[in-house]
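In case you want the letters, here they are:
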Amino acid sequence: MEKIASTLALATFTLMGFMSAASAAEEAGQASFVLHKISNHLYAIGEPNYYQKNYSYLLVGSDRALMFDAGANQKDDITKLVRTVTDKPLSVLPSHLHFDHLGGLHNFNSIYLPDLPFVRDFKQEDGLYHVPEPVHLGNIDHLTLAPLKVSRLVKPGEEIDLGGYRVKLVSTPGHTRDEVALYDEANNILLSGDHLYPSWLLAGNLGDYIASLSSTLKLIDKDTRIYGAHADEDPSQVPTMAYEDILKIRDKMLAIQAGQAQGETFTDPELIKDSKLYKVVKDISILTDIQFTDGRRYGY
Ligand SMILES: [Zn+2]
């Protein structure tokens, strides 16, 4: 997998700017964002110095550009880095409404959300989407989320046409109810958000997660390039996964559901106070029975 990742990260550069609003990491000489070119249509933007090692993706068509996730960083404007790549009209679609994917949302004028009942329920009489804190969990990262003006709701199965570059929105609940992925059929690329990435996967609902994994396995094949929203142990590498990884994750979840898997207690000082961890392969594992560092339980 590391070999694949290094060849896919064709060109990488680091943006050191934004010193006027410099974060502690930047003052220490570390970049907030690192740009990786995957193709002329697709870029990954990593946050290697953020504890969750987020990766967001920039999709560029001949008419429009789309960010899949807004980055975790709340201070430094991720769109400034986007503007070094493209000057096309820019929208953002979060893979789901968790704080670590919404930090930069306020920098975007055009926000897309998936057209799901769970999401539509956030719309109030003012026409704005009021996402409650128990959904975005912003308290963990001191994120406050202003009500969102939404430009477009995208239905599951619907295509987003950026002009010569099209992706299909795929509903993949399990991490959260609103989790979505983007599938580029022409190039056989899946941007999988928090549905799939090569680190610990947080299972919000095991039944939904297994159903989504089974759908994903029908959608992809052994040649599909899969890019997730969090890096593995090496945050400098764009997080990629292979078909076999997805099979193993699905099978492990089935074993957990059947009570046949052996978990171990897992904690993480920055995010996880308590959980059960089930190892899958390499750095990939599944967390269930999660309690966050702020004491809250996770799941739906
Ligand atoms: Zn995440």
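Since the model is a prediction, treat every value here as computed from it, not as a measurement.

Trainee: Hey, could you go over the packing of helix α6 (residues 206-219) against helix α7 (residues 243-257) for me, with residue numbers and the actual values?
Mentor: At their nearest, the axes of α6 and α7 sit 10 Å apart, and the two run at 150° to each other. Taken as axis vectors, α6 and α7 run roughly antiparallel relative to one another. Remark: the crossing between α6 and α7 carries left-handed chirality. Along its contact with α6, which presents L206, Y209, I210, L213, S214, T216 and L217, the element α7 presents I246, L247, I249, R250, M253, L254, I256 and Q257.

Trainee: Could you give me a rundown of the sheet that holds strand β18 (residues 284-292), with the residues and numbers involved?
Mentor: Here we have four strands laid out as an open sheet, ordered β13-β18-β17-β16, and mixed in their pairing. If you trace the sheet from one side to the other, it starts and ends with β13 (200-202) and β16 (264-265), each paired once.

Trainee: Which residues make up the sheet that holds strand β14 (residues 225-228), and what values go with them?
Mentor: The pairing of strands in a sheet comes from backbone hydrogen bonds and takes either a parallel or an antiparallel form. One open sheet holds the six strands; their spatial order is β9-β10-β11-β12-β14-β15, and the pairing between them is mixed. Edge strands, defined here as strands with exactly one partner in the open sheet, are β9 (159-161) and β15 (240-241). By the bridge criterion, three bridges tie strand β11 (residues 180-184) to strand β12 (residues 189-193) in an arrangement that is antiparallel. Note on β12: the bridge partner recorded for L182 is L191.

Trainee: Summarise the pairing of strand β10 (residues 166-171); cite the residues concerned and give the values.
Mentor: Relative to β10, β9 runs antiparallel, the two sharing three bridges. The residue bridging I160 from the neighbouring strand is V167, located in β10. Here β9 hands over to β10 after four residues, with G163 in that stretch at a positive phi of 95°. In this structure, β10 lies alongside β11, joined through four bridges in antiparallel fashion. The partner of L169 across the bridge, within β11, is L182.

What counts as what
Residues numbered from 1 in each chain as written. Predicted model: local features only at pLDDT ≥ 70, side-chain atom pairs only at ≥ 80, totals over all residues. Axes fitted to C-alpha atoms, helices over the stretch in contact; angles between N-to-C directions. Helix = DSSP H or I, 4+ residues; strand = E, 2+ residues; numbered from the N terminus. Parallel < 35°, antiparallel > 145°, perpendicular 65-115°, else oblique. Left-handed = near helix turned anticlockwise from the far one by under 90°. Contact = placed C-beta atoms within 7 Å. Pairing = 2+ DSSP bridges.

Geometric values such as these leave the question of function open.
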